[in-house]
Each structure stands twice: as structure tokens, then as C-alpha cells.
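Descriptive structure summary
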Amino acid sequence: MPLEDQLLVERSKKGDREAFEHLVQLYENKVYTIAYRLMGNHADAADLAQEAFIKIYQALPNFRGDSSFSTWIYHITVNVCRDELRKRQRRPTVSLDEPAADGNNNTYEIRSAAPGPEEMLDRSETQAMIQHCLNTLSDDYRTILVMREIQELSYEEIAEILGCSLGTVKSRLSRARQALKEKISKHLEPSSPCKRLAK
């Protein structure tokens, strides 16, 4: 463990909040990134990163240094996110598209403010769905798609940055586009949760 981390951990264990705040500053980006990659959206990532730091603070007296502090933080963050994902699977969900029945057999339907039922996704939903699919790709595919499609780099620039041939860039990009297309198609299938939410 780096000396700075070791000193800050020891001071934090003794109740020095300033030292713990410094640890938070050192690791907040890493914790947030882990939460974002696992949860797939910024709001949940921010909430769970905060929850992870609360758990880290509470568990700090039990940190023995058997692993590096960053590895220990990583495990806590992953566990916080997995716990939340498990809770969400157990929670009953209510569809806003289905009529809701009350105890008197009356039904109430929440009307959509969307212009019409044929409209599947608005721009922000489409972007969120594409970002989700992009997040599930391998690092190589995600990187090359972001470079070409989002940053609009030329094939030559990508080849130079990645240190590979132009042919490799083109073939990898083609495979990445195909993988993304397949993931998006799966999300648009009628049985997909994204499709049900988009109705």
C-alpha cells in the first residue's frame, strides 16, 4: 500500500475525519467509475458511490491491510452495487402501461404525455439505451466505436493512437459495429425490458 494511503488509513481509523476526506478525494473517481460501470447510469452511480464510502468508513477499523486499500475499496463498492441490483430484482415493479386495479375492481390508467402510441423512444431514451449497449461491449470495441463514431477520428488517427494497421482498425470497427447492432436489436425485441419500458 502506498505510504500516503497507509498514513491516511491509520489516521482515519483513529477518527481523523480530515484524513478520511482526503482518502475520499483520492478514490472518489475510481469508486464512481466502478459504480457507473455496474449500474449503467449516473444517478445510481452517484448514490451508490456515496453509500460505498459510508460502508468504507464504517468498516475502516476492520481493514487489516491484507490486500491493498484500493482493492479493499473495490470489493466494498462492487458488493454495494451487487446488493442494490439484487434488491431491485426482488422488488415488485408496477408497469405504468398496464391499468392499475384497486380493491373495488376499478381500474386507473396513467396516460402517456407522448404524442402517440407508435412513438417508441424519444431522443434521451434512445441515447440511454445506446449508451447501455455500448457499456456492455468489450473495451476494444467500445474504445474504437467511441473514437470513430463519437470523437469522429479518422481511420489513420485511430491506427496511430492504437498502434495498429489501417486494416486492423477497419476490421475491428466493423466487428464492433456489428456487436453493437446485435445488442441494440436485442433491446428492441418485444420481450426486452427496454422495449416494454418504451411502449
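These lines cover the structure that appears in this document, whether it is placed above or below. Note that this is a predicted model, so its numbers are computed, not measured. (Residues numbered from 1 in each chain as written. Predicted model: local features only at pLDDT ≥ 70, side-chain atom pairs only at ≥ 80, totals over all residues. Heavy atoms only, no water.)

Observations regarding the overall build of the protein
Applied cut-off: Secondary structure elements follow DSSP: runs of H or I of four or more residues count as helices, runs of E of two or more count as strands, with numbering from the N terminus. For the exposure calls, accessible area comes from a 1.4 Å probe over protein chains only, and a residue counts as buried if that area is under 20% of its type's maximum, exposed if over 50%, partly exposed in between. Contacts between residues were defined by any pair of non-hydrogen atoms, one from each residue, lying within 4.5 Å. In short, Shrake-Rupley with a 1.4 Å probe defines the accessible areas, and a residue's cover is counted only from the protein chains shown.
When you go through the protein residue by residue, the secondary structure sums to nine helices and two strands. Taken from N to C terminus, the helices and strands of the protein fall in the order α-α-α-α-β-β-α-α-α-α-α. Each of the 199 residues in the protein was classed as buried or not, and the buried ones make up 27%. A separation of at least 24 residues holds for 53% of the contacts in the protein among residues at least 6 apart in sequence. For the protein, the accessible area works out to roughly 13,800 Å², and carbon and sulfur atoms hold 50% of it.

Remarks on the pattern of salt bridges
Put simply, the rule reads: Any Lys or Arg side-chain nitrogen located within 4 Å of an Asp or Glu carboxyl oxygen qualifies as a salt bridge.
By the definition in use, this model includes five salt bridges. The partner of R177 in a salt bridge is E149, and the shortest N-O contact between them spans 2.4 Å. Here the residue R177 occupies a position in helix 8 (residues 166-187), and E149 occupies one in helix 6 (residues 139-150), the gap between them amounting to 28 residues. You can call R177 partly exposed: its relative accessible area is 36%.

A look at the nonpolar core
Stated formally: Put simply, a nonpolar core is a bunch of buried Ala, Val, Leu, Ile, Met, Phe, Trp, Tyr and Cys residues held in one set by side-chain atoms that sit within 4.5 Å of each other.
With 25 residues, the main nonpolar core has F20, L23, F53, I56, F69, W72 and I73 as its most contacted residues. Among the elements of the structure, helix 1 (3-13), helix 2 (17-39), helix 3 (42-59) and helix 4 (69-90) are those that each provide at least two residues to this core. Examining the composition of this core, we find that nine residues originate from one element, helix 2, more than from any other. Beyond its immediate stretch of four places on either side in the chain, F20 contacts S12, F53, I56, Y57 and L60.

Looking at the side chain of S12
Basically, it comes down to this: Polar contact is the term for a pair of N or O atoms within 3.5 Å; when the atoms are in protein, one must be able to donate a hydrogen and the other to accept it, and sequence-neighboring residues count only if both atoms are side-chain atoms.
Examined against the element boundaries, S12 turns out to sit in helix 1. Given a relative accessible area of 5%, S12 falls into the buried group. Reaching out from S12, the side chain makes a polar contact with the backbone nitrogen of F20 at a distance of 3.1 Å. Here S12 is in contact with A19, F20, L23 and L60, once residues within four sequence places are set aside.

Thoughts on the packing of helix 7 (residues 155-162) against helix 8
Here is the rule: Inter-axis angles, ranging from 0 to 180 degrees, are taken between N-to-C directions of lines fitted to C-alpha atoms, where helices are fitted over the stretch in contact. The cut-offs work like this: below 35 degrees is roughly parallel, past 145 is roughly antiparallel, 65 to 115 is roughly perpendicular, and the gaps in between are oblique. Here the term charged refers only to Asp, Glu, Lys and Arg, the term nonpolar to Ala, Val, Leu, Ile, Met, Phe, Trp, Tyr, Cys and Pro, and the term polar to all other amino acids, Gly among them.
Orientation of helix 7 relative to helix 8, taken along the N-to-C sense of each, is 100°, at an axis distance of 9 Å. It follows that helix 7 is roughly perpendicular to helix 8 by the angle criterion. Across the interface between the two elements, Y155, E156, I158, A159 and L162 of helix 7 pack against L166, V169, K170, R172, L173 and R177 of helix 8. Partitioning the contact of helix 7 with helix 8 into residue classes produces seven nonpolar, no polar and four charged.

So, the packing of aromatic side chains
Applied cut-off: Stacked, edge-to-face and tilted labels apply to pairs of Phe, Tyr and Trp rings (six-membered ring for Trp) whose centres lie within 6.5 Å, assigned for plane angles under 30 degrees, over 60, and everything in between, in that order. When the NZ atom of lysine or the CZ atom of arginine is within 6 Å of a ring's centre and also within 35 degrees of its normal, the charge is said to sit over that ring.
Per the stated rule, a full pass over the model turns up five aromatic pairs. Aromatic rings pair up to connect Y27, F63, F69 and W72 into one cluster. Lying across the ring of Y155, R148 places its NZ or CZ 4.3 Å from the centre. Taking the ring centre of Y155 as reference, the NZ or CZ of K170 above it sits at 5.6 Å.

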